[in-house]
Amino acid sequence: MNITEQNCCGCGACAQVCPSGALMMEKNKYGFVYPILTQGKCISCGLCEKVCSYNKIEKHGDKIPSVYAAVGANVDLAESASGGIFSAIAKNVLHNGGVVYGCSLVYENDRLWPKHIRVTDMEDLKLLKGSKYVQSDTGNSFAKTKQDLIYGKQVLYSGTPCQIAGLKGYLGKEHENLYTIEIICHGVPNVDFFHSYISYIEEIHDIKVTDFRFRDKREGWKLHGSISYMKKDATEGESHFEPEESSYYQMFLNSYTYRENCYSCPYASDNRQGDITIGDFWCIDLVHPELLASFPEELDEKKGISCLIINSEQGERLINQYGNGTKRWDSSYEQAAKYNAQLTHPSEMKPEREIVLNLYRSSGYAEVEKWYQNRLKKIGNRRKLVSMVPKSVKKLVRPIIYSGSDEK
């Protein structure tokens, strides 16, 4: 395989399909995983190249996407990142005896591990809810999915667009009982970087972090997060934070810490891979003020509203069969993409990425934190200067969520 950091998304399809165990997902100098070939084990079967969807991009189909502002039915929106579409569909799949795969932050060996898990029980569905801004390990979930499909199970698989493409490449053919949901993805940091950040927090505050929620909606549909922790005396606590108060979170939003290929991602476009695409319908008050005015009870900005894009006939069947009660209002791809930039282009690679990753590699997360705090101080000083400008000469500017700007 001719793998480079620019043409590998780390989905793991090649490693999962390798019959001889010659391919292993191993970390590069920054902690991002790539397939490494053990020559003595390779039997030259060519399966790894065959399943690699990332390097032979295909359009999802000829269907023109149907786009909606949407809210899921019979779900607790406080537990969902946006409008609860995934939860609503997944609950119905489980009710009908199906299987759901998705990313969970699993607490194992004193660490939070982002990995894809198989869920068959309604109680475990909560493990898949919420945003995880770190790359998930797909493990052997592609192989398990194939087995479930062979046994005739209805399967719902959720992930990033490249993970969905990886799954389909691994399977090699369409399956009537497979439904896929992709998230609108901005890019992924790696788990080592995330663990280093958590370890830094634990060290300075003398605590053990037991859960990390990137999106906590108890203060509304925003980008607030929260941390659950345990002190040495075994008492438990919780801390809430805004993005700028978390260096890891803010650097993610500023696109400083993604893997190399994310900045040229072919799926950050209208080339969607999932049967449906879901995400936040950011700034819906600017895009669809008429909907908020006409449906104030159903569309509540404080609770969250989803962008729902149906990309295929299978996606239509998924919504019709398992999206019972989902409330939808017509929109368009252009309107949904206006404040979801990754529907049209990849995140921009900024000079700060090299600074942050090299600092992390050479000196550890403590030095990254020091750099971040110094930068934050400079930005704060600039904001103070801007605040001193008379209102009469200021332009009215709406901050764009997820713009990746240091100034937001």
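Here, every reference points to the structure presented above.
Quick caveat, the model's predicted, so the values are computed rather than measured. (Residues numbered from 1 in each chain as written. Predicted model: local features only at pLDDT ≥ 70, side-chain atom pairs only at ≥ 80, totals over all residues. Heavy atoms only, no water.)

### Let's talk about the packing of helix H4 (residues 141-150) against helix H5 (residues 161-171)
- Relative orientation of the contacting elements H4 and H5 amounts to 55°, with a least axis distance of 10 Å. In terms of orientation, H4 lies oblique with respect to H5. Considering how the two elements wind past one another, H4 and H5 form a crossing that is right-handed. Listed contacts from H5 to Phe142, Ala143, Thr145, Lys146 and Leu149 of H4 are Gln163, Gly166, Leu167, Tyr170 and Leu171. (Axes fitted to C-alpha atoms, helices over the stretch in contact; angles between N-to-C directions. Helix = DSSP H or I, 4+ residues; strand = E, 2+ residues; numbered from the N terminus. Parallel < 35°, antiparallel > 145°, perpendicular 65-115°, else oblique. Left-handed = near helix turned anticlockwise from the far one by under 90°. Contact = heavy atoms within 4.5 Å.)

### Topic: empty space enclosed by the protein
- Under the counting rule described, the total for this entry stands at three cavities of 30 Å³ or more.
- Approximately 110 Å³ is the volume found for the second largest cavity.
- Class assignment of the residues belonging to the lining of the second largest cavity gives a composition of 12 nonpolar, four polar and no charged. (1 Å grid on protein atoms, 1.4 Å probe; cavity = no way out; pocket = protein on both sides within 12 Å on 5 of 7 lines; lining within 4 Å. Points joined across faces, edges and corners; volume = space filled by probe spheres on them. Nonpolar A, V, L, I, M, F, W, Y, C, P; charged D, E, K, R; others polar.)

### Details of the sheet that holds strand E4 (residues 99-108)
- Taking strand neighbours across the sheet as the criterion, the eight strands line up as E5-E4-E6-E7-E11-E12-E3-E13 in an open arrangement whose pairing is mixed. Strands with a single pairing partner mark the edges of an open sheet, and in this sheet they are strand E5 (111-119) and strand E13 (327-330). The average undirected angle you get between the axes of adjacent strands in this sheet is 30°.
- When strand E7 (residues 178-183) meets strand E11 (residues 276-280), the two strands line up parallel, connected through three bridges. Within E11, the position partnered with Ile183 by the bridge is Ile278.
- Contacting E5, strand E6 (155-159) and E7, H5 crosses the sheet at an angle of about 155° to E7.
- Helix-sheet contacts for helix H6 (residues 191-205) involve E4 and E5, and the interaxial angle to E5 is about 130°. (Pairing = 2+ DSSP bridges.)

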